[in-house]
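Given next are the chains, with one letter for each unit.
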Protein chains: 2
Amino acid sequence: MTAGSGRVTQAQVARLAGVSQAVVSMVLNGSDSLRITPETRDRVQQVLRETGYTVDIMGRRLRGKSNQILGVFTYESVFPSGVADFYRPFLLGIEEEAEQQGFDLLLFTSGGRRDGRRRIYEAGTNRLRIADGSILLGRHNDPQELAQLVEEQFPFVFVGRRESPTGPISYVGADYVAATREVHEWLWGLGHRRIGLLSVTEENEPTLDRRAGYEAAARKHRRPPLVFLADDPAIALRQARDEGVTALLVESSAMADGILACAHDVGLTVPADLSLVVLGDADPSQQPHAHAVPSTATDWSMFRIPRHEMGVHAVRVLVELLRKPQSRQLLLPCTIHEGATAAGPSTTDSR
Amino acid sequence: MTAGSGRVTQAQVARLAGVSQAVVSMVLNGSDSLRITPETRDRVQQVLRETGYTVDIMGRRLRGKSNQILGVFTYESVFPSGVADFYRPFLLGIEEEAEQQGFDLLLFTSGGRRDGRRRIYEAGTNRLRIADGSILLGRHNDPQELAQLVEEQFPFVFVGRRESPTGPISYVGADYVAATREVHEWLWGLGHRRIGLLSVTEENEPTLDRRAGYEAAARKHRRPPLVFLADDPAIALRQARDEGVTALLVESSAMADGILACAHDVGLTVPADLSLVVLGDADPSQQPHAHAVPSTATDWSMFRIPRHEMGVHAVRVLVELLRKPQSRQLLLPCTIHEGATAAGPSTTDSR
DNA sequence: CTGAAAGCGCTTACAG
DNA sequence: CTGAAAGCGCTTACAG
């Protein structure tokens, strides 16, 4: 029934129904509908049906109204080409909860890329504003853009803890501090007394949280922190051995692969001589593609990041945020998977 | 520098710079910038920088009328929970090309479900209209809804060939007719003279296309069509054997699994006594979950459905459709994978 | 050569 | 009780 010219507008409907455009809007929004004659109302609704009218989200949004659309922004592609599927469990939760809450999801793919990365601000404009609010996702992120988002008070939730100097950021993260502490406690309970941490120089939130958890646990047992840098796994491993370390917490499974690969050369057997625990899931996208044999064959001792739940809660938090603009932070617990790379120490260390 | 109220507008910048709002817009867009005094220009740009102005995409898009949003509608969840990931390769192509063409993607998750399925029409209104046009995806589809979409001339492209009595549907599909013909030719070339087709009673487009391709090939070689119904694989297999069939085209890998499972009982070895070719990819979502051992272990002879390309072209066709409303149909070629379940016949059949 | 005015589609306060 | 008018932020045709 639509004229060929694409979209039906309220003005067109109004003309057909013989009323003013404002009346059409009122009939649609219903709230003040009592004031409109039932006949007028019916006539308008008739035309609305005949023409197949739907609101233009731009117009509505411009007026400051919600469209029931949540944005999903990722710095990389959402649907990756490799086996690596970092986003999937998050998105699964996001989709599930968006459906539950009655929101559509808008994936921001329009912007093109700079330096191989997507951008939130394109020529100075915030693309996310099409949506009512947005979920941000991904390990990479641009602190500048985050700061700007905060400054313009755009409602968004980061999946993963993030901080910004401009103000509090809403996030739903995994509680790395607590999980790392628990891993330390577990190893301590197994009898380990020299527990080390293999970390990176890069100081993003996940790394800092793991280190904080580790140091808190070490402090609790009045042990000096034994932190090694993972730049060269062989060197780090030798250092750890020389320090008498019997259990090593490792930031990522990729790192752990590196350690495992040279453990033999250093004369260490895992877990007999050295327990290895990965502080997180085996993240498939981190696996070096060069290695044909997937390291997933190793049943790593580790903790699991509740990615699906994080997605679900990110949507919930965002929806709350839309109702009441006030930053929210939520950390979800990780669960320890005992795996096969950690065991009690063979020789109990002297206290 | 922004006032607490969130956003800086062109009007605010104009006031600060002592010019009209239109001039600010012109300075920003640059095209007609020659007409503006260099001093005015500089002053405006100064204020723009100081205030940290960013364009509101809403206003701009409203002016241009296009939202640059493509819908993606699936009757099931886009991000599935199981290993089964039917949509992924399509979505990969869709995302890639949407990015190329400068469109955002809207996933329709708001509608809730009826009978476990999503719906396009919710209370008589077409939800897809929020987007400029939409891609439809999925094996399941509601003919009624399709018919209605066609009738209201909503721009959409189906991934996979579809037909509707109400009018031509735009689609990007895989050319099952040609692919099935090619498989037949290939088997004929190997020496097979009694080539059968294992099909289903359900008459959807993919099934009909495969049958059409098969029958065309059989006709070409003046052979009667040998079509068996897959309701009971054991019975079908016996029938085929009794008919002297040496090669069997099978609609899906799930069906092929069934055949393979009872081939031994019927006294047939694959491919020595019977060649089996799957008319399509092993579709993971079709695998029966009960079987612990994945049938992907079998290196099926088959043809590959160009899912990624179909996604890419669906976006292209939709974008063209938006420019010029006129239905388009596109079939992409499949490629044969020779695999391990087809070979030359052991005893050449009499002509 | 310049800048004010119209209008994109919408909602709501406000005048009749 | 009703409906016309203002305005959200923007671009561009058009009048001065």
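Our subject is the structure listed above.
For clarity, every value in this text was computed on a predicted model and none was experimentally measured.

Q: Give a detailed account of the overall build of chain A, specifying residues and quantitative values.
A: When helices and strands are tallied, chain A shows 11 helices and 16 strands. Buried residues in chain A amount to 53% of all 351 residues. Within chain A, contacts between residues separated by at least 24 positions form 72% of all contacts whose residues are at least 6 apart in sequence. Roughly 15900 Å² of accessible area belongs to chain A as shown, and the carbon and sulfur atoms make up 51% of that amount.

Q: Provide a residue-level description of unusual backbone geometry, including the pertinent values.
A: Glycine aside, negative phi is the norm for most residues, and most peptide bonds take the trans geometry. Residue Pro271(A) is reached from Val270(A) by a cis peptide bond, and omega for that bond is 5°. Residue placement: Pro271(A) occurs in the loop between helix 10 (253-266) and strand 13 (275-278). A positive phi angle is found at Gln153(A), which is not glycine, with a value near 55°. Mapped onto the secondary structure, Gln153(A) falls in the loop between helix 6 (143-151) and strand 8 (156-159). The phi angle at Gln68(B) is positive, at roughly 55°, despite the residue not being glycine. Mapped onto the elements of the fold, Gln68(B) is located in the loop between helix 4 (57-64) and strand 1 (69-74). Judged by relative accessible area, Gln68(B) falls into the partly exposed class, the value being 24%.

Q: I'd like to hear about the relation of the copies chain A and chain B, residue by residue, with values.
A: Superposing chain A onto chain B takes a rotation of 179° plus a shift of 0.9 Å along the axis, which leaves an RMSD of 2.8 Å. This pairing of chains is accounted for by a two-fold axis. Considering only C-alpha atoms, the residue of chain A closest to the rotation axis is Met58(A), which sits at 0.4 Å. Looking at the interface residues of chain A, 88% of them are also at the interface in chain B, so both copies use one shared face.

Q: Can you lay out the interface of chain A and chain B for me, pointing to particular residues and giving the numbers?
A: Contacts between the two partners involve 50 residues from chain A and, on the opposite side, 48 residues from chain B. On the chain A side of the contact with chain B, Phe79(A), Glu95(A) and Glu99(A) bury the most area, a combined 17% of that side's loss. There are eight salt bridges connecting chain A and chain B. One salt bridge in this structure joins Arg118(A) and Glu99(B), with 2.8 Å as the shortest N-O distance. Counting every contact that joins chain A to chain B gives 20 residue pairs in polar contact (both at pLDDT 80 or more). Going through the elements one at a time, helix 4 (57-62), helix 5 (88-101), strand 2 (104-107), strand 6 (125-126) and helix 6 of chain A are the ones with two or more residues in the side of chain A that touches chain B. At six residues, helix 5 of chain A tops the list of elements feeding residues into the side of chain A that touches chain B. Of the residues contributing to the side of chain A that touches chain B, the split by class is 19 nonpolar, 17 polar and 14 charged. Bridge count between strand 2 of chain A and strand 2 (residues 104-107) of chain B: three bridges; the pairing is antiparallel.

Procedures and definitions
- Residues numbered from 1 in each chain as written.
- Chains lettered and ligands numbered in written order.
- Predicted model: local features only at pLDDT ≥ 70, side-chain atom pairs only at ≥ 80, totals over all residues.
- Heavy atoms only, no water.
- Helix = DSSP H or I, 4+ residues; strand = E, 2+ residues; numbered from the N terminus.
- Buried < 20%, exposed > 50% of the residue type's maximum accessible area, 1.4 Å probe, protein only.
- Contact = heavy atoms within 4.5 Å.
- Areas by Shrake-Rupley, 256 points an atom, 1.4 Å probe, with all protein chains shown as cover.
- Least-squares fit on C-alpha atoms with pLDDT ≥ 70 in both.
- Buried area = accessible area lost by both parts, 1.4 Å probe.
- Salt bridge = Lys/Arg side-chain N within 4 Å of Asp/Glu carboxyl O.
- Polar contact = N/O pair within 3.5 Å; in protein donor to acceptor, adjacent residues only side chain to side chain.
- Nonpolar A, V, L, I, M, F, W, Y, C, P; charged D, E, K, R; others polar.
- Pairing = 2+ DSSP bridges.

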